[in-house]
Amino acid sequence: MKLIYHIQGGDFSAAGGASSEVKKTLKQFNISPFVLRKIAVALYEAEMNVVVHAWHGIMRVDIRPDRVSVVIEDKGPGIADIPRAMEEGFSTATDEVRQMGFGAGMGLPNIRKNSDEMVLTSTPGVGTRLALTISF
Ligand SMILES: Nc1ncnc2c1ncn2[C@@H]1O[C@H](COP(=O)(O)OP(=O)(O)O)[C@@H](O)[C@H]1O
Ligand SMILES: [Mg+2]
């Protein structure tokens, strides 16, 4: 089963919509609450990174009998230093974004913790691609 969602950068009112739709869909399957939570956390953080840091993104979800694979690709400023971005607490979020409760710098570390596979690639000035897989 394949699902596709568009994610609009800067649209905080719609933020989290795609990841919650995926969670809703997966709930129909026989997936443990533990795994479901891992997926929800990872996808929410990935979606929020597009909303907070990029201009526009697409989330592609591929649900298989044994796993879910997700690719989130965006057009945006990209990430110049990926190892630095992966550090706990590192964030380039603006004060405005922080006042809304985002920008703790824990998104990418939490995506890594909750995924079985994670590949983050980026071209500065062009965009970012995050691929992750979580086994059921
Ligand atoms: N999709 C993205 N596009 C551009 N930069 C990103 C993206 N995702 C993450 N980053 C960069 O990596 C940093 C760390 O991300 P993250 O751990 O999610 O923390 P936060 O989103 O709270 O800043 C961000 O502050 C930003 O500089
Ligand atoms: Mg984040």
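Residues numbered from 1 in each chain as written. Chains lettered and ligands numbered in written order. Predicted model: local features only at pLDDT ≥ 70, side-chain atom pairs only at ≥ 80, totals over all residues. Heavy atoms only, no water.

So what exactly am I meant to see when it comes to the environment of Ala104 here?
Within the fold, Ala104 resides in the loop between α4 (95–99) and α5 (107–114). A relative accessible area of 56% means that Ala104 is categorised as exposed. C-alpha of Ala104 to C-alpha of Val71: the two residues are 33 residues apart in sequence and 23 Å apart in space. (Helix = DSSP H or I, 4+ residues; strand = E, 2+ residues; numbered from the N terminus. Buried < 20%, exposed > 50% of the residue type's maximum accessible area, 1.4 Å probe, protein only.)

I'm lost on the packing of helix α1 (residues 17–27) against helix α2 (residues 33–53) in this one. Help?
In the contact formed by α1 and α2, the axes pass within 8 Å of each other and the chain directions differ by 160 degrees. Comparing the axis directions of α1 and α2 gives the class roughly antiparallel. For α1 against α2, the interelement crossing comes out right-handed. Between α1 and α2, the contacting residues are Gly17, Ala18, Ser19, Val22, Lys23, Leu26 and Lys27 on the first element and Leu36, Ile39, Ala40, Leu43, Tyr44 and Glu47 on the second. Looking at the contact of α1 with α2, its residues break down into eight nonpolar, two polar and three charged. (Axes fitted to C-alpha atoms, helices over the stretch in contact; angles between N-to-C directions. Parallel < 35°, antiparallel > 145°, perpendicular 65-115°, else oblique. Left-handed = near helix turned anticlockwise from the far one by under 90°. Contact = heavy atoms within 4.5 Å. Nonpolar A, V, L, I, M, F, W, Y, C, P; charged D, E, K, R; others polar.)

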